[in-house]
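# A look at the structure
In case you want the letters, here they are:
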Amino acid sequence: MTSQPESSPLEVAIVGCGIAGLTAAIALRQHPYINVKIYEKATELKEIGASIALGPNGLRTLERLGLHNAISDEVAFRGPSNLPMIYRHWKTNEVIGVDRHEDVNQYLHRTARYHRAHLHQALLENVPRGIIHLGKQLVSVDVDSRDGVTLKFQDGTVVTADILLGADGLRSGVRSSFVPDFQLKWSGWTAFRAVFPTSLVESIPGLPADSTHWWGLSTNFFASRLGKNTFTVVGGLQSDPSNPNPHIANAEWDQDASLQLFKDTYENWNPVVKALVDATPSPLRFYPNLSCEGPLPTWVFGDRATLIGDAAHAHGGAHATGGSLAIDDAYAFYLSLLTVFPLNAIVKPNREGIGKALRLYEEVRKPHVEKLLNRVLEANAAKVERIRSGKLETDEELGERAARGSNTIWLHEHDVVKAFEATLSRRNEILVQGEAEVYAKL
Ligand SMILES: Cc1cc2nc3c(=O)[nH]c(=O)nc-3n(C[C@H](O)[C@H](O)[C@H](O)COP(=O)(O)OP(=O)(O)OC[C@H]3O[C@@H](n4cnc5c(N)ncnc54)[C@H](O)[C@@H]3O)c2cc1C
């Protein structure tokens, strides 16, 4: 790539048409001189996934992008109590803790729950179908070529772009191209998940109106209404990954799970949970909790490629925040790119400029998601240690844990724009300080 100014549009190739890829495409398409193409391995965009939550962080970002259709009550559910989560005791069904919003003044910024397919569809409505290329499974990437970055797909096709955005999720092909020895790790926790019409459960006596997490001594159970009159249940089995429960030892992502095993898991729980379990229809699916073994050393590859969403920081879904993190990554990437390619610019940045923008994006997002990843890895290790030691949590400890709540305001109410601005001012301060030191020496 030459460093001469060029006036052709900036070509951005996004691999992965999930929540991250679509949000990035919507943001980038606001720039008149950016051409976006999305490459997705699936051969059709069908309704897949179970429930997904967005916190104030992701919801605010979707609103900034003008995506009202993706945050309204037409598509999402918000509980009547304005509490993002209510914790109940597994046996007594008593409320033992709550999470609260802290700085959320607008209704549409309150935690919202969706069937993933409905959120995905709402984002898709904002992207022209012609820029999405299906049946394109990325197999390799080359960033050394003079023409930018070259992507090779399993069907033999090859494309080039100025920038590659890896938005291809947990098992990212983009990440594997740059970090071939990267490993995903199973925490020992495997969730059962189902989504079905609310009509199947609404007559259950005592069914909470709000999203509820029942906490048990070694497992838990989550149930919530979702948008469009759907309902979700999420259960889980925890075991020592080196000595797993045989029922989940080889469970694969999205594999059919046994309704009988689900019933057996919750057979001694309170009547509301038992009734929800009894009413759950097929398909019930397994979702093993897979995460990075640790943070990636860098998210910037060859000054032309980076990662967003689960591809960058798979953390196993803890705190139901993967969707919002992906949305905020996409927006931080867009804001960073604007610093080298403002909306009124027509001469696209060269490789050096692109590299600067990618490093700014990394500086804004990586410390934030690493804080989460490190906490999750620590918590997972503690759970496994407890199983190995054979010492179950006592009822008293459980109550204390629930009373503390999830303690995740820093995560769910994180404002990506403020974080972006803070990063820029920090950089300016360093620059000004550096200049002052130079002047002082004169
Ligand atoms: C089918 C599916 C179901 C899910 N269900 C849930 C759920 O029920 N609840 C929940 O909380 N989270 C679910 N997730 C994960 C959730 O979507 C993410 O944690 C979060 O939204 C971050 O999204 P993402 O865009 O980074 O990754 P993803 O949503 O995983 O999207 C990645 C996209 O990249 C595509 N892709 C992967 N590899 C390649 C490749 N080599 N070449 C081209 N394309 C590729 C995938 O097909 C997918 O469309 C699901 C993800 C998927 C893919």
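Quick summary incoming for the structure in this document. Because the structure is a prediction, the values reported are computed rather than measured.

Moving on, we come to the overall build of the chain. Counting secondary structure elements, the chain contains twelve helices and 18 strands. Here the C-alpha atoms of the chain give a radius of gyration of 23 Å, agreeing with the 22 Å that 2.2 N^0.38 yields for 442 residues. Seen through its C-alpha atoms, the chain measures out along the principal axes to roughly 70 × 55 × 45 Å. For the chain, the residues scored as buried account for 54% of the 442 residues in total. In the chain, the proportion of contacts linking residues at least 24 apart, taken out of those at least 6 apart, comes to 77%.

Close to the ligand lie 28 residues, the nearest being Glu40, Ala50, Ser51, Arg116 and Asp310. Serine 51 is positioned such that a nitrogen or oxygen atom in its backbone is 2.6 Å from a nitrogen atom of the ligand. In the model, a nitrogen atom of the ligand is placed 2.9 Å from a nitrogen or oxygen of the leucine 138 main chain. Coverage of the ligand by the protein chains reaches 86% of its 910 Å² of free accessible surface. The residue inventory of the shell around the ligand, partitioned by class, reads twelve nonpolar, nine polar and seven charged.

The pairing of strand E4 (residues 85–89) with strand E5 (residues 95–99) spans four bridges and is antiparallel. Among the inter-strand pairings, arginine 88 is bridged to a residue of E5, identified as valine 95.

Let's shift gears to helix H1 (residues 19–28). For H1, the tally of buried residues reaches ten of ten residues, placing the bulk of the element in the interior. Residues of H1 that are buried: Ile19, Ala20, Gly21, Leu22, Thr23, Ala24, Ala25, Ile26, Ala27 and Leu28. Those residues of H1 that are buried are in contact with strand E1 (10–15), strand E2 (34–39), helix H2 (56–64), helix H3 (116–124), strand E11 (163–166) and helix H8 (322–338).

Right, let's talk about the packing of aromatic side chains for a bit. Using the criterion set out here, one finds 16 aromatic pairs in the structure. Both rings, one in phenylalanine 221 and one in tyrosine 266, keep their centres 5.0 Å apart while their planes meet at 70°; by these two values the pair is edge-to-face. You can see phenylalanine 221 sitting in strand E14 (residues 220–226) and its partner tyrosine 266 sitting in the loop between helix H5 (259–265) and helix H6 (271–279), a full 45 residues away along the chain. Across the pair, exposure class does not vary: phenylalanine 221 and tyrosine 266 are buried alike.

In this section: the environment of leucine 377. For leucine 377, the location among the structural elements is in helix H9 (residues 351–389). Measuring from C-alpha to C-alpha, the distance between leucine 377 and cysteine 292 comes to 8.8 Å, with 85 residues separating the pair along the chain.

As a further point, take the side chain of lysine 136. Tracing the chain through its elements places lysine 136 in the loop between strand E7 (132–133) and strand E8 (138–142). Among residues more than four places away in sequence, those in contact with lysine 136 are Tyr39, Glu40, Lys41, Phe153, Asp155 and Thr157.

In this section: the pattern of salt bridges. Two side chains that carry opposite charge are able to pair once their charged atoms sit near each other. For the structure shown, the criterion picks out 15 salt bridges. Among the salt bridges present, the one from glutamate 11 reaches lysine 37, with a minimum N-O distance of 3.8 Å. In this pair, glutamate 11 sits in strand E1 while lysine 37 sits in strand E2, placing the two residues 26 residues apart along the sequence. A relative accessible area of 22% means that glutamate 11 is categorised as partly exposed. For the salt bridge of arginine 285 with aspartate 256, the shortest nitrogen-to-oxygen distance reads 2.6 Å. Remark: aspartate 256 occurs in strand E16 (residues 255–256) and arginine 285 occurs in strand E17 (residues 285–292); sequence separation between them is 29 residues. Residue class for aspartate 256 comes out exposed when judged on its relative accessible area of 52%. Salt bridges linked by common partners bring Asp254, Asp256 and Arg285 together as one network.

What counts, and where the lines are drawn
- Residues numbered from 1 in each chain as written.
- Predicted model: local features only at pLDDT ≥ 70, side-chain atom pairs only at ≥ 80, totals over all residues.
- Heavy atoms only, no water.
- Helix = DSSP H or I, 4+ residues; strand = E, 2+ residues; numbered from the N terminus.
- Rg over C-alpha atoms; globule rule 2.2 N^0.38 Å.
- Buried < 20%, exposed > 50% of the residue type's maximum accessible area, 1.4 Å probe, protein only.
- Contact = heavy atoms within 4.5 Å.
- Near = heavy atom within 4 Å.
- Polar contact = N/O pair within 3.5 Å; in protein donor to acceptor, adjacent residues only side chain to side chain.
- Areas by Shrake-Rupley, 256 points an atom, 1.4 Å probe, with all protein chains shown as cover.
- Nonpolar A, V, L, I, M, F, W, Y, C, P; charged D, E, K, R; others polar.
- Pairing = 2+ DSSP bridges.
- Phe/Tyr/Trp six-rings, centres within 6.5 Å; stacked < 30°, edge-to-face > 60°.
- Salt bridge = Lys/Arg side-chain N within 4 Å of Asp/Glu carboxyl O.

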